[in-house]
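# Inside the fold
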Amino acid sequence: MLQYADDVRTTTTTRPIPVAVHALDPLARAGVVSYLRQCPEVSLVDDGHQGGTGVALLVADTFDETAMAGLSRLVKTERTRVVLVLDRIQEPELLNVVSLGVTTILWRREVTGERLRQAVLTAARGHGDLPPDLLGRLLGCMGRQRGADGPDGTPTDHGMLPREVDVLRLVADGMDTGEIAVKLLYSERTIKNIIHTVTTRFHLRNRAHAVAYALREGYI
């Protein structure tokens, strides 16, 4: 369950929180850095030398395969808490993000210095901060996932989401990414993201390893 700070405005810190800003767009990065320089609770660090401490702030127009790979590296390899600043995100990608433990997201259109400050403090404390509309979408799709049944009529709740099981089942049937996308009415990018998330979360090497793991564990 997401935890939310009652009032991060009153939070005091004994030392500044190291924050690294990651953005492909140099103008977007410059804007965020300008805001954060005004926050006494924040100490900006180089995005290539964060060392897994503090908070990473990832700015992207949309959440695509490149952003997912960067996020997975920050969370899984560097074990960094992350704030996402996005223009938009689709439900499958949102579920992938939350499955990695990232629950602090801001819309770029709503970014101010104070909102960035609150988000960084919230993420540093391990709490969540989602826009109301995004939280509603997340709760809705999680509710649908809980209600989804497996092929034998029992709930599919074994650590893999139903859509992940569906994708791996089709991989096991010999389908390629394009065929799976057509079958499930997703984009090819979404299918790649789902497979990437599964292999990352369960520490698997590739698609074949993912299918073998799913078979062994009884997912498919």
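Please refer to the structure placed before this passage.
Report follows, based on the coordinates. (Residues numbered from 1 in each chain as written. Predicted model: local features only at pLDDT ≥ 70, side-chain atom pairs only at ≥ 80, totals over all residues. Heavy atoms only, no water.)

## Points about the sheet that holds strand β3 (residues 55-62)
Strand pairing within a sheet occurs via backbone hydrogen bonds; the two strands may be parallel or antiparallel. Across the sheet, which stays open at both edges, the 5 strands sit in the order β2-β1-β3-β4-β5 with parallel pairing between neighbours. Both edges of this open sheet fall to β2 (42-45) and β5 (105-107), since each of them pairs with a single strand only. On average, adjacent strands in this sheet sit at an angle of 30° to one another, irrespective of strand direction. Taken together, the 3 bridges between strand β4 (residues 81-88) and β5 define a ladder with parallel strand orientation. Opposite Leu86, over in β5, you have Trp107 as the bridge partner. (Pairing = 2+ DSSP bridges. Helix = DSSP H or I, 4+ residues; strand = E, 2+ residues; numbered from the N terminus. Axes fitted to C-alpha atoms, helices over the stretch in contact; angles between N-to-C directions.)

## Overview of the packing of helix α7 (residues 177-184) against helix α8 (residues 188-201)
Two elements in contact, α7 and α8, have axes whose closest approach is 8 Å; the angle formed by their N-to-C orientations is 105°. Put simply, α7 runs roughly perpendicular to α8. Where α7 abuts α8, its residues Thr177, Gly178, Ile180, Ala181 and Leu184 lie against Glu188, Ile191 and Lys192. Of the residues belonging to the contact of α7 with α8, the class tally is 4 nonpolar, 2 polar and 2 charged. (Parallel < 35°, antiparallel > 145°, perpendicular 65-115°, else oblique. Contact = heavy atoms within 4.5 Å. Nonpolar A, V, L, I, M, F, W, Y, C, P; charged D, E, K, R; others polar.)

## Describing the layout of surface pockets
Estimates place the volume of the second largest pocket at around 330 Å³. Lining the second largest pocket we find 17 residues, and of these Ala23, Leu24, Leu58, Val59 and Ala60 sit closest to its centre. Of the residues assigned to the lining of the second largest pocket, the class counts are 8 nonpolar, 4 polar and 5 charged. (1 Å grid on protein atoms, 1.4 Å probe; cavity = no way out; pocket = protein on both sides within 12 Å on 5 of 7 lines; lining within 4 Å. Points joined across faces, edges and corners; volume = space filled by probe spheres on them.)

## Points about the pattern of salt bridges
One pass over the structure, following the stated rule, counts 8 salt bridges. Across the pair Arg169 and Asp166 runs a salt bridge whose closest N-O atoms are separated by 3.4 Å. Separated by 3 residues within a single helix, Arg169 and Asp166 lie in helix α6 (residues 162-172), roughly one turn from each other. For Arg169, a relative accessible area of 27% translates into the label partly exposed. It is possible to trace a salt-bridge network through shared partners that takes in Glu41, Glu114 and Arg117. (Salt bridge = Lys/Arg side-chain N within 4 Å of Asp/Glu carboxyl O. Buried < 20%, exposed > 50% of the residue type's maximum accessible area, 1.4 Å probe, protein only.)

## Considering the nonpolar core
It is characteristic of soluble globular proteins that their nonpolar side chains tend to be buried jointly. Formed by 23 residues in total, the largest nonpolar core has its most connected members in Phe63, Leu71, Val82 and Leu84. Breaking this core down by element, the ones donating at least two residues are β3, α2 (65-77), β4, α3 (91-99), β5 and α5 (132-147). At 5 residues, the largest contribution of residues to this core is made by α2. Residues contacting Leu71, with those up to four places away along its chain left out, are Leu58, Phe63, Val82, Leu84, Val97, Leu100 and Val102. Counting 21 residues, the second largest nonpolar core, distinct from the first, contains Ile17, Val21, Leu36 and Leu116. (Core = buried A, V, L, I, M, F, W, Y, C linked by side-chain atoms within 4.5 Å.)

## Side note on α7
By the burial criterion, the buried members of α7 are Thr177, Ile180 and Ala181. Summarising the axial view, the buried residues of α7 lie within an arc of 100°, below the 170-degree limit, and thus occupy one face. For α7, the exposed residues lying more than 90 degrees away from the buried face are Val182 and Lys183. Tucked into the core, α7 has its buried residues touching α6, α8 and α9 (207-217). Regarding α7, its N-cap is Asp176, as a side-chain oxygen of that residue lies 3.2 Å from the backbone nitrogen of Gly178 further along. Looking one or two residues past α7, Leu185 carries a phi angle of roughly 65°, positive in sign. (Arc of directions from axis to C-beta. Polar contact = N/O pair within 3.5 Å; in protein donor to acceptor, adjacent residues only side chain to side chain.)

## A short note on the environment of Gln90
Position of Gln90 among the secondary structure elements: in the loop between β4 and α3. Between the C-alpha atom of Gln90 and that of Leu134, which follows or precedes it by 44 residues, the distance is 10.0 Å.

## Overview of the side chain of Thr199
Considering the arrangement of structural elements, one finds Thr199 in helix α8. Here Thr199 falls in the buried class, since its relative accessible area comes to 11%. Within the structure, Thr199 has its side chain in polar contact with the backbone oxygen of His196 (distance 2.9 Å). If sequence neighbours within four positions are ignored, Thr199 has contacts with Leu204, Asn206 and Ala210.

## Let's talk about unusual backbone geometry
Unlike most non-glycine residues, Leu185 shows phi in positive territory, near 65°. As for its position among the elements, Leu185 is in the loop between α7 and α8. The class for Leu185 is exposed, based on a relative accessible area of 76%. Its identity as a non-glycine residue notwithstanding, His203 has a phi of 55°, on the positive side. Along the chain, His203 turns up in the loop between α8 and α9. Take His203: its relative accessible area is 64%, and that puts it in the exposed class.

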